[in-house]
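Results of the structural survey
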Amino acid sequence: MMAPAMSTGPDERLPFRDLAGQGARIVRTLAPDALPRLAAIASGRRELRIDMTFTLDADRRPWVRGTADTAISATCQRCLERFDQNMLVDFELCIVADPDLASALADGVDVLVAEDDTVTVAQVIEDELLLALPERLCREDPCPYAPVLSYPADEAPQPAPEDNPFHVLASLKRAAGESTD
């Protein structure tokens, strides 16, 4: 049986072991700027809605599963234009306080390392949202804003020999090559 949904603040410390033992569900709405690292990369256009459930696995390890739903405005890493993007991210994390256990589990599952017996909503979801940010936000293919790429590259005008700082070295190298003949 699952506990009714709880309402928490973004910085409120959540005792994840107790919540997992109760099968607690947390539904929360956060302001767009509640996650500072995400806000630095992608400003929010809409509040962030989080729905997460804490459970215990067969080994009595706490887990958190859920979704985060928001809309952001970010720069496309391909064409450097700014676009709006809806994001719906599903996550499933095993929460551990022992870094050695986290390393052992990391090959098979996503792990959230807690500093103590509590976590915040921001700690649970911010990394998941950052990882879910698409590199390319423009939807048109080919992107009309992307820089023109050509192969072979257009020949750039060569500097006049007197403008080249290595001109003296080149002449010394030629002189050295001629003297060894």
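Going by the structure above, here's the rest.
Residues numbered from 1 in each chain as written. Predicted model: local features only at pLDDT ≥ 70, side-chain atom pairs only at ≥ 80, totals over all residues. Heavy atoms only, no water.

Examining the environment of Cys-79
Note the following rule: Helical segments are the DSSP runs of H or I of at least four residues, strand segments are the runs of E of at least two, and each set is numbered from the N terminus. Relative accessibility under 20% of the residue-type maximum defines a buried residue, over 50% an exposed one, and the middle range a partly exposed one, all with a 1.4 Å probe and only protein chains included. Contacts are residue-level and defined by heavy atoms, with any inter-residue pair within 4.5 Å sufficient.
Tracing the backbone through its elements, the reader meets Cys-79 in the loop between strand S5 (62-75) and strand S6 (82-96). Assessed through its relative accessible area of 8%, Cys-79 is described here as buried. When the C-alpha positions of Cys-79 and Arg-136 are compared, they lie 8.1 Å apart, and in sequence the two are 57 residues distant. Those residues within four positions of Cys-79 in sequence are excluded, and the remaining contacts are Cys-138, Cys-143, Tyr-145, Ala-146 and Pro-147.

A few points about the pattern of salt bridges
Filter applied, for reference: Counted as salt bridges are all cases of a side-chain nitrogen of Lys or Arg within 4 Å of a carboxyl oxygen of Asp or Glu.
Inspection of every chain in the model, using the stated rule, returns 10 salt bridges. Residues Arg-25 and Asp-51 are paired through a salt bridge, measuring 2.5 Å at the closest nitrogen-oxygen approach. Taken as a pair, Arg-25 in strand S2 (residues 25-30) and Asp-51 in strand S4 (residues 48-56) lie far apart in primary sequence, 26 residues in all. Overall, the relative accessible area of 30% leaves Arg-25 in the partly exposed class. One salt-bridge network, in which partners are shared between bridges, spans Arg-37, Glu-126 and Asp-127.

Digging into a nonpolar patch on the surface
Condition: Each patch groups residues whose relative accessible area exceeds 30% and which form no salt bridge, using 9 Å between like charges and 5 Å between nonpolar side chains of Val, Leu, Ile, Met, Phe, Trp and Tyr. Computed with a 1.4 Å probe, the accessible areas rest on the Shrake-Rupley method; for each residue, only the protein chains presented here act as cover.
Residues Phe-166, Val-168, Leu-169 and Leu-172 make up a contiguous nonpolar surface patch of roughly 430 Å² in combined accessible area. Looking at the secondary structure, you find Val-168 in helix H5 (residues 167-179). You can call Val-168 exposed: its relative accessible area is 53%.

What to know about helix H4 (residues 121-132)
A turn of α-helix holds 3.6 residues, and therefore any two residues three or four places apart point the same way. Let me state the cut-off plainly: Multiplying 1.5 Å by the residue count of a helix minus one yields the expected span of that helix.
A rise of 1.5 Å per residue sets the reference length of H4, with its 12 residues, at 16 Å; its end C-alpha atoms lie 17 Å apart and thus fit the reference within 8%. Of the residues making up H4, those classed as buried are Val-121, Ala-122, Val-124, Ile-125, Glu-126, Glu-128 and Leu-129. In this structure, the buried side of H4 is in contact with S2, helix H2 (36-41), S4, S5, S6 and strand S7 (111-113).

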